[in-house]
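Residue-level listing of the chains:
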Amino acid sequence: GESRARVDGRARRRSRRRRERGEGGVSLYLLRARARVRGAMGMDAHGEATRDRTMVHALRRLGTLETVARAHDAAPGASVDARATIRVLCLGADRHEGTNPRATARAFVGVREAAWRAGVETVSVLCVGPNVKVDDGVDLNVAYDVRDRMSSSSLSSLSSDVPSGAALRVEYRTGLYHDEAPPTLEEAPDVAFAFNAGVWGYDPSDWAPTIERVVIDERTPLVVTSYTLLEAESDEDAMRSSLSEFDDKVKWVWQAEMNPSQSTEVRDLGFDRSDYIDSEKDSSELKENSAWQCVAVRG
């Protein structure tokens, strides 16, 4: 179990954040909403790159790629020539994950390279959320395969016969993940990501069923990022509350902390942030994936 000092420390931080949100919580939620809309309208490459880097860093920290490759090799009847498939779930996905298969392949370029090096043939991505958008000609609920290989000399080139990156399979779905038909055990995701989710700012009924399904039912590690460390701590409080009845079954692989793969770009809000929050209480600059955490089942 956790030490008493750690539990007491978390309780003190929770109390402090509750006081702060009591004065500015709703306003911060509105701030997030306006920033999210502006970000969707003026998306830049930094949002895509930091998500890719964050996923690679998380996969390495969790050892997911190696675990998937080993499980495939140990499976009865596994071909020595075949490679494994890793299944990645993107919750609350938006334009940053791409609006067509080739765009998504570019957004996952680092993940695909890391996967191939670990012995994984295909990165299978499910993008799901209310804000999922696709280009004309791209259908929802249909799996698309991008089999082009990345050149060993340049990840942006597709001309080399020697692959250095895994193939991509992607599907886009609009809606809430917990409303979807549950996958079979073989189709359950190996890892899930929720970028800049703002879990604490939503009604518990919005995120709690998805978190429970992913972490408890599907036994999938969930990585959640936030715009600031303070917000990440608030997200952690919200998720601990959502999973409170499963306290003996879950663990934080890492608690809320700064993300080394955060964006270097400060979010351009286009309005005075001090109108929404007390800058003396949270003076942190808003950056994509500034902080992160990971929760999973024990064992």
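First things first, this report covers the structure right here in the doc. (Residues numbered from 1 in each chain as written. Predicted model: local features only at pLDDT ≥ 70, side-chain atom pairs only at ≥ 80, totals over all residues. Heavy atoms only, no water.)

## Details of the state of the cysteines
The cut-off we apply is this: Throughout, a disulfide means two cysteine sulfur atoms within 2.5 Å of one another. Relative accessible area decides the class of each residue, using a 1.4 Å probe on protein chains only: under 20% of the type maximum gives buried, over 50% gives exposed, and in between gives partly exposed.
Summed over the entire model, instances satisfying the criterion amount to zero disulfides. Summary of cysteine pairing: Cys90 is not part of a disulfide, and the nearest cysteine sulfur, belonging to Cys127, is at 4.8 Å. Cys90 sits in the buried class, given a relative accessible area of 1%.

## So, the sheet that holds strand β6 (residues 222-226)
To keep things clear, this is the line we draw: Between any two strands, at least two bridges found by DSSP are needed for them to pair. A run of DSSP states H or I qualifies as a helix once it reaches four residues; a run of E qualifies as a strand once it reaches two. Both are numbered from the N-terminal end. Simply put, an axis is a line fit to the C-alpha atoms, just over the touching stretch for a helix, and the angle between two N-to-C directions goes from 0 to 180 degrees.
Judged by pairing direction, the sheet is mixed, and its eight strands sit side by side in the order β3-β4-β2-β1-β5-β6-β8-β7 without closing on themselves. Both outer strands of the open sheet, β3 (144-146) and β7 (250-258), are each paired with one neighbouring strand and no more. The mean inter-strand angle of the sheet, taken between neighbouring strand axes irrespective of direction, is 20°. Pairing geometry for strand β2 (residues 120-129) and strand β4 (residues 167-174), over eight bridges, is parallel. Looking across to β4, one finds that Leu126 is bridged to Glu171.

## Overview of the nonpolar core
The condition is simple: For the purposes of this section, nonpolar cores are sets of buried Ala, Val, Leu, Ile, Met, Phe, Trp, Tyr and Cys residues that join through side-chain atoms within 4.5 Å. Throughout, a residue-residue contact means that at least one pair of heavy atoms, one from each residue, lies within 4.5 Å.
Residues Ile86, Val88, Phe108, Val123, Val125, Leu168 and Phe193 are the most contacted members of the largest nonpolar core, which totals 37 residues. Discounting residues that sit within four places of it in the chain, Ile86 has contacts with Leu59, Thr64, Leu65, Val68, Val120, Thr122, Val123, Ser124 and Asp190. Listed in part, the 23 residues of the second largest apolar core include Val128, Leu222, Leu243 and Val295.

## Notes on the packing of aromatic side chains
Our working rule: Pairs were defined over the aromatic rings of Phe, Tyr and Trp, the Trp ring being its six-membered one, requiring ring centres within 6.5 Å. Orientation was assigned from the angle between planes: stacked under 30 degrees, edge-to-face over 60, tilted for the rest. Sitting over a ring, as applied to charges here, requires NZ of Lys or CZ of Arg to be within 6 Å of the ring centre and within 35 degrees of the ring normal.
Tallied over the full model, the rule gives two aromatic pairs. Here Phe193 and Phe195 contribute two aromatic rings whose centre-to-centre distance is 5.7 Å and whose plane-to-plane angle is 5°, an arrangement assigned as stacked. Across the pair, Phe195 and Phe193 agree in class, each one buried. Arranged with centres 4.7 Å apart and planes meeting at 50°, the rings of Trp254 and Trp292 form a pair that is tilted. Of this pair, Trp254 sits in strand β7 while Trp292 sits in strand β8 (residues 291-297); the two residues are 38 residues apart in sequence, bridging distant segments of the chain. Each member of the pair, Trp254 together with Trp292, is buried. One cation-aromatic arrangement involves Arg213 over Tyr177; the distance from NZ or CZ to the ring centre is 4.3 Å.

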